[in-house]
Amino acid sequence: MNALAATNRNFMKAARILGLDSKIEKSLLIPFREIKVECTIPKDDGTLVSYVGFRVQHDNARGPMKGGIRYHPEVDPDEVNALAQLMTWKTAVADIPYGGAKGGIGCSPKDLSTSELERLTRVFTQKIHDLIGVNADVPAPDMGTNAQTMAWILDEYSKFHGYSPAVVTGKPIDLGGSLGREAATGRGVVYATEALLAEHGKSIKGLTFAIQGFGNVGSWAARLIHEKGGKVVAVSDITGAVKNPNGINILDLLQHKDATGKLADFSGADAMDPNDLLTHDCDVLIPCALGGVLNRENAGDVRAKFIIEAANHPTDPEADEILSKKGVTILPDIYANAGGVTVSYFEWVQNIQGFMWDEEKVNQELKRYMTKAFHNIKGLCKSHDCDLRMGAFTLGVNRVARATLLRGWEA
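What counts as what
Residues numbered from 1 in each chain as written. Predicted model: local features only at pLDDT ≥ 70, side-chain atom pairs only at ≥ 80, totals over all residues. Heavy atoms only, no water. Helix = DSSP H or I, 4+ residues; strand = E, 2+ residues; numbered from the N terminus. Rg over C-alpha atoms; globule rule 2.2 N^0.38 Å. Buried < 20%, exposed > 50% of the residue type's maximum accessible area, 1.4 Å probe, protein only. Contact = heavy atoms within 4.5 Å. Areas by Shrake-Rupley, 256 points an atom, 1.4 Å probe, with all protein chains shown as cover. Lys, Arg positive; Asp, Glu negative; His and termini not counted. Charge placed at Lys NZ, Arg CZ, Asp CG, Glu CD. Core = buried A, V, L, I, M, F, W, Y, C linked by side-chain atoms within 4.5 Å. Phe/Tyr/Trp six-rings, centres within 6.5 Å; stacked < 30°, edge-to-face > 60°. Lys NZ or Arg CZ within 6 Å of the ring centre and 35° of its normal. Salt bridge = Lys/Arg side-chain N within 4 Å of Asp/Glu carboxyl O. Pairing = 2+ DSSP bridges. Axes fitted to C-alpha atoms, helices over the stretch in contact; angles between N-to-C directions. UniProt positions renumbered as here; feature names shortened; annotations may be inferred. Disulfide = S-S within 2.5 Å. Parallel < 35°, antiparallel > 145°, perpendicular 65-115°, else oblique. Left-handed = near helix turned anticlockwise from the far one by under 90°. Nonpolar A, V, L, I, M, F, W, Y, C, P; charged D, E, K, R; others polar.

Student: Can you tell me about the overall build of the chain, naming the residues and giving the values?
Tutor: Secondary structure summary: the chain contains 13 helices and twelve strands in total. Over its C-alpha trace the chain gives a radius of gyration of 21 Å, about what one expects of a compact globule, namely 22 Å for 411 residues. Summarising its shape, the C-alpha atoms of the chain cover approximately 55 × 55 × 40 Å along the three principal directions. Among the 411 residues that make up the chain, the fraction classed as buried is 58%. A separation of at least 24 residues holds for 67% of the contacts in the chain among residues at least 6 apart in sequence. Total accessible area on the chain is roughly 17,100 Å²; 50% of this is exposed by carbon and sulfur atoms. For the chain, the distance from the average site of its 45 positive side-chain charges to the average site of its 50 negative ones is 5 Å.

So, in structure tokens, the structure goes:
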């Protein structure tokens, strides 16, 4: 089942639990606006090349739309649509005043030079500058984009609208980026994990963790779990996988990866088949990589008691059913990885106020938001007698539906 079908299915389930009117249900599913633009740039050799860029703006009932921009050869309209919708529910679950959006350009960033990427980003911004904005739609980095990409968007946008640091988040610190943004998603995953474990009378200290994906999110989550006394027993990424039943020294592994660019050949752990990571013996499994990795083929063999969805949509609906029958607790992505968008919100707030916070305040506020959201989800799980995924979806959908009705959607 693809991401869009799965998201729609979760939405419909939540709408039924909440008893939403079918008219509002339909209205909440249809995106507010879909933008598709042609971006033609001269390559470094002088030839012209065209790319297709798009932005799906899903819903703005609770505030400006918010979501990443990805540069990837397979930017699929369906997937962008699903991710935009997911952002609408995610921001509502985290209780931050945003709606959802997502965008991208169908290109292969590794095949483009820095100056080609800059030209492409600027042309894309020229085409959509009147449809984004501090109070309309605030982009952020995603796959294949980074703080530099945001700096170019900010600069290009400012040529039309005057200096507007709050038009994008995930910026370099020197241009109004927030301290703590880099680690935010991984740190949020750890705060979410702590909230869930506390509910079960456990803590990170002394438990064993397996982490799939060692990019930004996975490496920060691993580092913070390691600092808190958790044992990370297995880690994998696209370059390979390593395991150590006594716990991997994450700081050493990070140094090794920085030096060699891969996980393999690390002296403090043994090599393992990356495909076995998801079924590795551990207390807590954290998928931080691609979607759809837990499916009906491997779900029956998962040995973890808790799964923390740091990736978007890592668990197929079929795997969901198998795992819940086994008594595995799944912390859903729309809550577990909301740390990134929460600190993006803090960045936007700081830019609008023109007053920056220190890192301690950012992390403290992040912990407060993540913990509060968990208790709100638990509350809905109790009142609707449902699992955490439906608790989170009903919380998010209900907030958006209430805002939509209060604003008078029929008028």
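Student: Give me the lowdown on the nonpolar core, citing residues and values where you can.
Tutor: Counting 105 residues, the largest nonpolar core has Leu 28, Val 235, Ile 286, Leu 331 and Tyr 335 as its most contacted members. Ranked by the residues each element gives to this core, the list is headed by helix α12 (residues 359-384), at nine residues. Those residues in contact with Tyr 335, other than ones at most four positions away along the chain, are Val 93, Ala 192, Ala 195, Met 370, Thr 371, Ala 373, Phe 374 and Ile 377. Residues Ala 210, Val 293, Ala 304 and Ile 330 belong to the second largest nonpolar core, which totals 19 residues.

Student: How would you summarise the environment of Pro 317 if you had to cite specific residues and measurements?
Tutor: Inspection of the secondary structure puts Pro 317 in helix α9 (residues 317-325). Pro 317 gets classed as buried once you look at its relative accessible area, which sits at 9%. Along the primary structure Pro 317 and Ala 6 are separated by 311 residues, whereas in three dimensions their C-alpha atoms are 6.8 Å apart.

Student: Please set out the packing of aromatic side chains residue by residue, giving values where relevant.
Tutor: Tallied over the full model, the rule gives nine aromatic pairs. Between the aromatic rings of Tyr 345 and Phe 346, the centroid separation amounts to 5.9 Å while the plane-to-plane angle is 50 degrees, which identifies the pairing as tilted. Residue Tyr 345 is classed as buried on the basis of its relative accessible area, which comes to 14%. Of the residues examined, Phe 346 reaches a relative accessible area of 2% and is grouped as buried. Seen in terms of ring centroids, Phe 346 and Trp 357 are 5.3 Å apart; in terms of plane orientation they differ by 45 degrees. Their pairing is tilted. Of this pair, Phe 346 sits in helix α11 (residues 339-353) while Trp 357 sits in the loop between α11 and α12, and the two are eleven residues apart along the sequence. Seen from the ring of Tyr 98, Lys 66 lies directly overhead, with NZ or CZ sitting 6.0 Å from the centre.

Student: Which residues make up the pattern of salt bridges, and what are the values?
Tutor: Under the criterion given, the structure shown has 24 salt bridges. The salt bridge partner of Glu 79 is Arg 70, with a shortest N-O separation of 3.6 Å. Note that Lys 367 is salt-bridged to Glu 194, the shortest N-O span being 4.0 Å. Of this pair, Lys 367 sits in helix α12 while Glu 194 is found in helix α6 (residues 184-199), placing the two residues 173 residues apart along the sequence. A relative accessible area of 40% places Lys 367 in the partly exposed class. Counted as one network, the salt bridges with shared partners bring together Glu 118, Arg 122, Asp 155, Glu 156 and Lys 159.

Student: Any details on the sheet that holds strand β2 (residues 48-59)? Residues and values, ideally.
Tutor: As summarised here, the arrangement of the five strands in space is β1-β2-β4-β3-β5, forming an open sheet in which the pairing is mixed. Looking along the sheet, the strands with just one partner apiece sit at the ends: β1 (33-42) and β5 (137-141). Taking the axes of each pair of neighbouring strands and ignoring which way they run, one obtains an average angle of 20 degrees across the sheet. Bridge count between strand β3 (residues 65-71) and β5: five bridges; the pairing is parallel. Counted as the bridge partner of Met 65 is Asp 137 from β5. Strand contacts of helix α3 (residues 77-93): β1, β2, β3 and β4 (99-105), with the helix running at about 150 degrees to β4, the strand carrying the most contacts.

Student: For the UniProt feature "active site" (unreviewed entry) in the chain, give the residues involved together with the corresponding values.
Tutor: If you check UniProt for "active site" (unreviewed entry), the listed places come out as Lys 102 in our numbering. Relative to the helices and strands, Lys 102 is located in strand β4. Given a relative accessible area of 6%, Lys 102 falls into the buried group. Aside from chain neighbours lying at most four places away, what touches Lys 102 is Phe 54, Arg 55, Val 56, Gly 68, Arg 70, Val 80, Leu 83, Ala 84 and Asp 142.

Student: Account for the state of the cysteines, with residues named and values stated.
Tutor: A full pass over the atoms with the stated rule returns zero disulfides. Looking at Cys 282, it has no disulfide partner, and the nearest cysteine sulfur is the one in Cys 288, 12 Å off.

Student: Provide a residue-level description of the packing of α6 against α12, including the pertinent values.
Tutor: At a minimum axis distance of 9 Å, the contact between α6 and α12 shows a crossing angle of 45 degrees. It follows from the interaxial angle that α6 and α12 lie oblique. For α6 against α12, the interelement crossing comes out right-handed. Every residue of α12 that contacts α6 at Ala 184, Arg 187, Gly 188, Tyr 191, Ala 192, Glu 194, Ala 195, Leu 196 and Glu 199 is listed here: Asn 363, Leu 366, Lys 367, Met 370, Phe 374, Lys 378 and Lys 382. Considering only residue class, the contact of α6 with α12 consists of eight nonpolar, two polar and six charged.

Student: Give me the sheet that holds strand β8 (residues 240-243): which residues, what numbers.
Tutor: Sheet architecture is open: seven strands sit in the order β9-β8-β7-β6-β10-β11-β12, paired in mixed fashion. At either margin of the open sheet sits one strand with a lone partner, and together these are β9 (270-271) and β12 (329-331). The pairing of strand β6 (residues 208-212) with strand β7 (residues 231-237) spans five bridges and is parallel. Paired with Thr 208 across the bridge in β7 is Lys 231.

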